[in-house]
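Each chain, written out:
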Amino acid sequence: MSTSTNVRLAGLHARYQFVETVRVPIAVIGTTLFPTLSLLFFIVPQSFAQDPAAATAATAQLAVFAVMSVSLFNYGVGVAEERALPWDGYTRTLPAGPSPRLVGRLLNGLAFVILGLVPLVLLAWLLTAATLPPSRLALTAAALLAAGFPLFAIGIGIGYSMSTKAALAVAQSLLLPLAFGGGLFLPPETFPGWLNSISMWLPTRAGRDLVVTATTGVDLPGPTVFVLGGWTLLAGSLAVWAYRRDEGRRFR
Amino acid sequence: MEILARTVQATRCYGPVIALDGVSLDVPAGQLLGLLGPNGAGKTTLLQLLPGLRRPTSGTVELFGGYPRDAARRRRLGCTPQETGLPPTLRVHEVVEFVAGHFADPVPTPELLEQFGLTGLERRQSGGLSGGQKRRLTVAVAFVGRPDLVLLDEPTTGLDVEARHALWDAVRRYHQGGGTVVLTSHYLEEVEALAERVVVIDQGRVRADGTLADVRSLVPARRVRLRAPDLPELAGVERSNRDGDRHELWTADSDALVRQLVTMGIPFRDLEVATASLEEAFLALTAPGTQTVALIDGELAR
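Residues numbered from 1 in each chain as written. Chains lettered and ligands numbered in written order. Predicted model: local features only at pLDDT ≥ 70, side-chain atom pairs only at ≥ 80, totals over all residues. Heavy atoms only, no water.

### Regarding the domain arrangement of chain B
- We note that the domain assignment places domain 1 (3-216) and domain 2 (224-275) within chain B.
- Once you take the C-alpha centre of each, domain 1 of chain B and domain 2 of chain B turn out to be 42 Å apart. (Domains from an automatic or database assignment.)

Put into structure tokens, the structure is as follows:
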């Protein structure tokens, strides 16, 4: 298959996956509105919402949270659900290799991340002192991608290795510890020392620090790049292993 | 003649279970092939090997002269999804357009929907269709890419008589236009109505492979049923079955048999004479304990 065909097919798969998900409004609201609601309830009423640096950092944290919930639910639970449907098997009889399906899924998740970020950023801009100079926009987007990759890989790993029920349970039980522990809800500055030292090893914390640095320009803590790199490698291997194992199981 | 799909000594095991046991099958261009077998015989496994959904444990599978897992080999192939598998939130036209997007020259959606009696349902979500409508949609998408080979797994299960005949017409039209079809069915009537070639599979092996007439000729042409006390030895009876006072006799010449019964003064009643159908050949071939491979390409074989 030529590259242009693959690109066209990836677009096709992304489009229909998107339509399929969007028609279940509660699924969309759950993953895209939750970060915005958290901003409204937990950040806006606080006094630090009027401090530019703190408000920007808080918004950045919630942006990472948006990426994580899409990764765990859209990828993790979504993939597990789809694998259980015969439609997934049917698409394998169509003349498309595995890459259009995977790339389509990636794009689909990206679309939901954007859907989650737009109201979040808009409200942060309107209701808090958070600022993002245009010069930092590209850097922030890149940081979000880098922060999102290990989370996305964890989602894919869950989706391809578990049943729907198990994936849902695992996604839910990972969501809160990773969010709180990674400082996505409460800023890590408020953590006691022991929690902070655990937090430093979490992918969400490393991702959060990276995005906060990209938006506000504070110094990046020393280990962040290594922790994020390590998780990227680890979760990436998990995702590849789960995907191959699934291929081998269902399509031997 | 071009061979569109082929298995050579294909064996497929699921753990200790042998679903398919050394099956060799050629599907030449232009043929309408009916695949028959009881549940669990290996039909579905065979139909999953051809598009590459499963790999054979041993042996080889070829599709359009290549490896079915190579996406390019599937450009001329049409398959049916299971009706339970349609994405429930997609609308009918979206399901068709999604599949169509994979092919270079798809049938325009309105034309396809009309062919399969789905006009007017374009905007319905597939989850809201009736069982019969879903079934028709799954069959329709197999034809959207103008394929040269179509694999139909139980295409008319759950359809009413009218819809079934409409679907048969669509399959026949496609075949008359040069298309090749491999079809499995629970309904022997369906295979009798459509197929030129019949392959009977049981316990993972090919039991018979020949024209419809060949396979039908595996049992004597007529079946005579009657009720009577003991029957004497009758000439021309090739097989018989008895259950109390009910007798079932198979013979090549039912007229001669009935004449014998009358002239011998046998007190029979409830006489019934029927043409032995494919169903009877099928039952004879797949009866427990039947081990002979009956017919390969019209030749009796062991």
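### With respect to the confidence of the model for chain A
- A residue-level look at chain A finds 98% of positions with pLDDT of 70 or above and a mean pLDDT of 89.
- Here helix H2 (residues 25-43) of chain A stands out as the element of chain A with the lowest mean pLDDT, 84, in contrast to helix H9 (residues 203-216) of chain A, whose mean of 94 is the highest. (pLDDT = per-residue confidence, 0-100. Helix = DSSP H or I, 4+ residues; strand = E, 2+ residues; numbered from the N terminus.)

### Focus: the packing of aromatic side chains
- In this structure the tally under the stated criterion is 12 aromatic pairs over all chains.
- Between Trp 87 of chain A and Phe 98 of chain B, the aromatic rings sit 6.0 Å apart at their centres with planes inclined by 40°, giving tilted as the arrangement. Linking Trp 87 of chain A in helix H4 (residues 86-91) with Phe 98 of chain B in helix H2 (residues 92-100), this pair reaches from one chain into another. Residue Trp 87 of chain A shares its accessibility class with Phe 98 of chain B, and that shared class is buried.
- Among the aromatic residues, ring-to-ring pairing joins Tyr 16, Trp 87 and Tyr 90 of chain A together with Phe 98 of chain B into one connected group.
- The ring of Trp 250 of chain B is capped by Arg 239 of chain B, whose NZ or CZ atom sits 4.3 Å from the centre of that ring. (Phe/Tyr/Trp six-rings, centres within 6.5 Å; stacked < 30°, edge-to-face > 60°. Buried < 20%, exposed > 50% of the residue type's maximum accessible area, 1.4 Å probe, protein only. Lys NZ or Arg CZ within 6 Å of the ring centre and 35° of its normal.)

### Focus: the interface of chain B and chain A
- Each partner contributes residues to the interface: chain B has 32 residues there, and chain A has 24 residues.
- Interface area for chain B against chain A, summed over the two sides, is near 2700 Å², with a carbon-plus-sulfur share of 63%.
- On the chain B side of the contact with chain A, Leu 53, Phe 98 and His 102 of chain B bury the most area, a combined 26% of that side's loss.
- For Arg 23 of chain A, the salt bridge goes to Glu 94 of chain B, with nearest N and O atoms at 2.9 Å.
- On inspection of chain B and its partner chain A, the count reaches eight residue pairs in polar contact (both at pLDDT 80 or more).
- Of all the secondary structure elements, the ones that give two or more residues to the side of chain B that touches chain A are strand S5 (77-79) and H2 of chain B.
- With five residues, the single largest contributor to the side of chain B that touches chain A is H2 of chain B.
- Residue composition of the side of chain B that touches chain A, by class: 15 nonpolar, eight polar and nine charged. (Contact = heavy atoms within 4.5 Å. Buried area = accessible area lost by both parts, 1.4 Å probe. Salt bridge = Lys/Arg side-chain N within 4 Å of Asp/Glu carboxyl O. Polar contact = N/O pair within 3.5 Å; in protein donor to acceptor, adjacent residues only side chain to side chain. Nonpolar A, V, L, I, M, F, W, Y, C, P; charged D, E, K, R; others polar.)

### Thoughts on the pairing of strand S7 (residues 180-184) of chain B
Residue and element names in this part refer to chain B.
- Along S7, five of the five residues are buried, which leaves the element largely enclosed by surrounding structure.
- The pairing of strand S6 (residues 149-153) with S7 spans five bridges and is parallel. Residue pairing for S7: Leu 152 is matched across the bridge by Leu 183. (Pairing = 2+ DSSP bridges.)

### Concerning the pattern of salt bridges
Residue and element names in this part refer to chain B.
- Within the structure shown, the criterion is met by 21 salt bridges over all chains.
- For Arg 146, the salt bridge is made with Asp 105, and the minimal N-O distance between the two is 3.2 Å. Here Arg 146, found in the loop between helix H4 (131-143) and S6, pairs with Asp 105, found in the loop between H2 and helix H3 (109-115); they are 41 residues apart in sequence, far enough to count as distant.
- Looking at Asp 105, the relative accessible area reads 47%, which means it is partly exposed.
- Residues joined by salt bridges that share partners form a network here, namely Arg 227, Asp 245, Arg 269 and Asp 270.

### Quick notes on the side chain of Asp 202 of chain B
All names here are of chain B.
- Here Asp 202 lies in strand S8 (residues 197-202).
- Buried charge without a partner: Asp 202 forms no salt bridge, and the closest opposite charge is Arg 207, 4.2 Å away.
- With residues near it in sequence (within four places) discarded, Asp 202 still touches Pro 38, Ala 41, Arg 207 and Thr 286. (Lys, Arg positive; Asp, Glu negative; His and termini not counted.)

### Focus: the sheet that holds strand S1 (residues 3-14) of chain B
Residue and element names in this part refer to chain B.
- Spatial strand order, S2-S1-S4: three strands in an open sheet with antiparallel pairing. Looking at strand neighbours, the two that pair on one side only are strand S2 (17-28) and strand S4 (58-63), the edges of this open sheet. Each strand axis lies, on average, 15° off the axis of its neighbour in the sheet, ignoring direction.
- One ladder, built from five bridges, connects S1 with S4; its direction is antiparallel. Residue Thr 7 lies in a different strand from S4, and its bridge partner there is Val 61. (Axes fitted to C-alpha atoms, helices over the stretch in contact; angles between N-to-C directions.)

### A word on the environment of Val 103 of chain A
All names here are of chain A.
- Structurally, Val 103 can be placed in helix H5 (residues 98-127).
- Residue classification places Val 103 among the partly exposed residues on the basis of a relative accessible area of 37%.
- Distance in space between the C-alpha atoms of Val 103 and Gly 181 is 30 Å, their sequence separation being 78 residues.

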